[in-house]
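# A look at the structure
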Amino acid sequence: MNTITPIVIYNDGEERRLGKQADGSTLKYENIDRSRVSAFCLEKDGQVILKLYLEEGQRLIWRKREYQPVGGDIKTIHLLGWQKKVGGENLQAICYVFEDGHIEMAGRFRENHPVFDKIELLPSECE
Amino acid sequence: MAVKIYRLTGTANEGEATTYTDITSINTRLNAEDAHSTAGETNPILIPAEGTNYSYKCSTQLGWDGTTGDGTINNLKWYTDGANGLGTGVGLQVVSSSDTYVQATGTVGTSGVNIDGTHAFNYTSTSPLSVTGSVTDPTDGEKFGNIVEIQTTVDSTASAGATNSETITWRYDSTIA
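The following paragraphs examine the structure supplied in this document.

## So, the overall build of chain B
A tally of regular secondary structure across chain B gives zero helices and 13 strands. Walking chain B from its N terminus toward its C terminus, one meets helices and strands in the order β-β-β-β-β-β-β-β-β-β-β-β-β. Taken against the 2.2 N^0.38 rule, which gives 16 Å for 177 residues, the C-alpha radius of gyration of chain B at 16 Å falls within 12% of a compact globule. Seen through its C-alpha atoms, chain B measures out along the principal axes to roughly 55 × 40 × 25 Å. Here chain B holds 177 residues, and the buried ones make up 51% of them. As displayed, chain B has an accessible area near 7,600 Å², and 44% of this comes from carbon and sulfur atoms.

Following this line, the structure appears as structure tokens:
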């Protein structure tokens, strides 16, 4: 699952992989230019497995959700979607990418759900 | 680079080295001593004639291993499978209230000091324990989040010998690509 690479696509067509860049710099998720983001995709073994197109007012959300049992194997789910404030209410649409390749899509976060549980927003994700 | 689970033992005195054992891929046994082992039999918890004895508390914490991670790890959760499989007269309690390590105490080979925790099997994947803390751009060896202390409880109805094992799971969110 660690072979999944998140890629941000800006509205001028520029594509940037998150993490270490060829010039030695680093692009962090927290530092992407949200004013220019038009899409975000997850790539595995060189193939795009999920691509999200954002519309105006939709704020990008991406996380790796990791489950680590003591003495067991780690499992990773990638969360990719958006949230938007409508009439004072936060709406979300999130895709959950599992290790076996299947993808589930859900609306608002469900508190304490083992998969769809809410995230803790980062400052860069807040309006 | 990856998140690891550590068991903390030994001194908590300033300037002295606490022992951090990486238990991510192994088990750790809760005995009546402040030490990690996978199958130690030297200082088991003494089954009491009445009342309850305890293991020494087992302090665990997350940490970062490897080159500096570029991003944030937060939303830390901790849970069990919800079913006590340790056997008759044996329980497990948990406390997570601080990121400051305090060494386990008690009487070696008899009982640890009661941490007065919550029934650990109340915490499941659908009702996990929220662990306070997060880390941004973690460096190699950096520990983060509150310490989770677990402790076995043993009453007079317990049977001698090693109990069955139980699996503890940590969950967290990361933006480190």
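That shown, we press on.
## Some words on unusual backbone geometry
All names here are of chain B. One non-glycine residue, Asn75, lies in positive phi territory at about 60°. With respect to the element layout, Asn75 can be found in strand 5 (residues 72-79). Phi at Asp137 takes a positive value of approximately 50°, unusual for a residue other than glycine. As for its placement among the helices and strands, Asp137 is situated in the loop between strand 11 (135-136) and strand 12 (143-155).

## What about the pairing of strand 5 (residues 37-44) of chain A?
Residues and elements named next belong to chain A. Along strand 5, six of the eight residues are buried, which leaves the element largely enclosed by surrounding structure. The sheet contact formed by strand 1 (residues 4-10) and strand 5 spans seven bridges and is antiparallel. Paired with Ile7 across the two strands is Cys41, which belongs to strand 5. Bridge count between strand 5 and strand 6 (residues 47-53): six bridges; the pairing is antiparallel. Paired with Phe40 across the bridge in strand 6 is Leu52. In this structure, the hairpin formed by strand 5 and strand 6 is closed by a connection of two residues, where Asp45 is found at a positive phi of approximately 50°.

## A short note on the side chain of Ser111(B)
Residue and element names in this part refer to chain B. Considering the arrangement of structural elements, one finds Ser111 in strand 8 (residues 111-112). Side-chain polar atoms of Ser111 contact the backbone nitrogen of Tyr54, separated by 2.9 Å. Those residues in contact with Ser111 that lie beyond four places of it in its chain are Ala32, Asn53, Tyr54, Tyr56 and Gly106.

Criteria and thresholds
- Residues numbered from 1 in each chain as written.
- Chains lettered and ligands numbered in written order.
- Predicted model: local features only at pLDDT ≥ 70, side-chain atom pairs only at ≥ 80, totals over all residues.
- Heavy atoms only, no water.
- Helix = DSSP H or I, 4+ residues; strand = E, 2+ residues; numbered from the N terminus.
- Rg over C-alpha atoms; globule rule 2.2 N^0.38 Å.
- Buried < 20%, exposed > 50% of the residue type's maximum accessible area, 1.4 Å probe, protein only.
- Areas by Shrake-Rupley, 256 points an atom, 1.4 Å probe, with all protein chains shown as cover.
- Pairing = 2+ DSSP bridges.
- Polar contact = N/O pair within 3.5 Å; in protein donor to acceptor, adjacent residues only side chain to side chain.
- Contact = heavy atoms within 4.5 Å.

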